[in-house]
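So the chains spell out like this:
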Amino acid sequence: MIAVLGAGGFGLAMGHAISRTGQSFCFGVREVETVAVSVDAIQKMDALKTCTGVHAVETAIRSSDLVILAVPYAAATPLVQSITDWSGKIVVDCTNPLKAGLTGLEVGHNDSAAEQIARHASNARVVKAFSTLSAYVLEHPTFGTGRAFLPVCGDDPEARARVIELGRLMGFDVVDIGPLAHARYIEPFAMLGIQLAVQRRYGHGFALGVMQRERVAV
Ligand SMILES: NC(=O)c1ccc[n+]([C@@H]2O[C@H](COP(=O)([O-])OP(=O)(O)OC[C@H]3O[C@@H](n4cnc5c(N)ncnc54)[C@H](OP(=O)(O)O)[C@@H]3O)[C@@H](O)[C@H]2O)c1
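Residues numbered from 1 in each chain as written. Predicted model: local features only at pLDDT ≥ 70, side-chain atom pairs only at ≥ 80, totals over all residues. Heavy atoms only, no water.

Draft legend 1. Highlighting the site of the ligand. In the vicinity of the ligand lie 19 residues, with Phe-10, Arg-30, Val-71, Leu-133 and Ala-135 positioned nearest. Between the ligand and Val-71 there is a distance of 2.7 Å, counted from an oxygen atom to a backbone nitrogen or oxygen. The separation between an oxygen atom of the ligand and a polar main-chain atom of Asn-96 is 3.2 Å. Of all elements in the fold, only helix H1 (9-21) and helix H4 (73-81) reach the threshold of two or more residues within the shell around the ligand. (Near = heavy atom within 4 Å. Polar contact = N/O pair within 3.5 Å; in protein donor to acceptor, adjacent residues only side chain to side chain. Helix = DSSP H or I, 4+ residues; strand = E, 2+ residues; numbered from the N terminus.)

Laid out in structure tokens, this is it:
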């Protein structure tokens, strides 16, 4: 079972993408009664057809083996720290550690949001993924014959493989980029996408892709 923590714009889009794969998931939210899109509305949405329920965060985590963090960066570390022992669960960090006003990244070069989260998530297998995609692209992964590029990294090979498979089933061009420290490259890459979307006015209906004609030795 997959838990998506946070039912904001990105969490709902993540639910949409998971539903496309046919896998079951639940939402974990702070206040079930005050969630922005009501539980009733969520349960009626065809795009969220594999959603089994909307629960309190801890209940959602308890029933899942793969937990997706679709919460703001500032909320992610306290959230993972609130669980004493993650018991080997996979935690997927989708956050972008943005400075206020999108003026830059809070962390970089020698560290990343994903590594910070991993240091505070006792016994979790942390994977960085999906933060490079807009909510819109999560819902619409294909561009003609092309697919949006989705880099994935994490220290545990089995956890990484599970997330890679999930991304492929969702319809993305997933690339395994190795250990979690490579989130130091993913997070600025996501920032480039945000710059294009907002400052360069590309909007949300675009994605960056990898083109390769042939494999030329490095
Ligand atoms: N939007 C995008 O296109 C996009 C793209 C890539 C990555 N991301 C990343 O995805 C994350 C979520 O972005 P968003 O656009 O969905 O933001 P959002 O619309 O503001 O939603 C954030 C959600 O997180 C919930 N939340 C906050 N603190 C929480 C906690 N401690 N426990 C559980 N839920 C909590 C909020 O719930 P309440 O209603 O209780 O406040 C809200 O539902 C961010 O880290 C963002 O950088 C977003």
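Now that the structure has been shown, the text picks up again.
Draft legend 2. Representation of the state of the cysteines within the structure. Counted according to the given criterion, the structure contains 0 disulfides. Considering cysteine sulfurs only, Cys-153 is the nearest to Cys-94, which forms no disulfide, with 12 Å between them. In this structure Cys-94 comes out as buried when scored by relative accessible area, which is 7%. On the basis of relative accessibility, which here comes to 0%, the residue Cys-153 falls in the buried class. (Disulfide = S-S within 2.5 Å. Buried < 20%, exposed > 50% of the residue type's maximum accessible area, 1.4 Å probe, protein only.)

Draft legend 3. View of the pattern of salt bridges. Counting across every chain of the model gives 10 salt bridges. The residue Arg-184 makes a salt bridge to Glu-115 at a minimum N-O spacing of 2.7 Å. Here Arg-184 is found in helix H8 (residues 183-198), whereas its partner Glu-115 is found in helix H5 (residues 113-120), with 69 residues between them in sequence. For Arg-184, a relative accessible area of 27% puts it in the partly exposed group. Using a relative accessible area of 11% as the deciding quantity, one classes Glu-115 as buried. Notably, a salt bridge pairs Lys-128 with Glu-187, separated by 2.8 Å at the nearest N-O pair. Here Glu-187 lies in helix H8 and Lys-128 lies in strand E6 (residues 125-128), a separation of 59 residues in the sequence. Of the two residues, Lys-128 and Glu-187, neither departs from the other in class, the shared state being buried. Taken together, the shared-partner salt bridges in this structure form one network comprising Asp-93, Lys-128 and Glu-187. (Salt bridge = Lys/Arg side-chain N within 4 Å of Asp/Glu carboxyl O.)

Draft legend 4. Geometry of the packing of aromatic side chains. One pass over the structure, following the stated rule, counts 3 aromatic pairs. Between Phe-25 and Phe-27, the ring centres sit 5.2 Å apart and the planes meet at 85°, which makes this aromatic pair edge-to-face. Of the two residues examined, Phe-25 and Phe-27, each falls in the buried class. Ring centres of Phe-149 and Phe-189 lie 5.6 Å apart, and the angle between their planes is 75°; on these two criteria the pair is classed as edge-to-face. Here Phe-149, found in strand E9 (residues 149-154), pairs with Phe-189, found in helix H8; they are 40 residues apart in sequence, far enough to count as distant. Of the residues examined, Phe-149 reaches a relative accessible area of 13% and is grouped as buried. (Phe/Tyr/Trp six-rings, centres within 6.5 Å; stacked < 30°, edge-to-face > 60°.)

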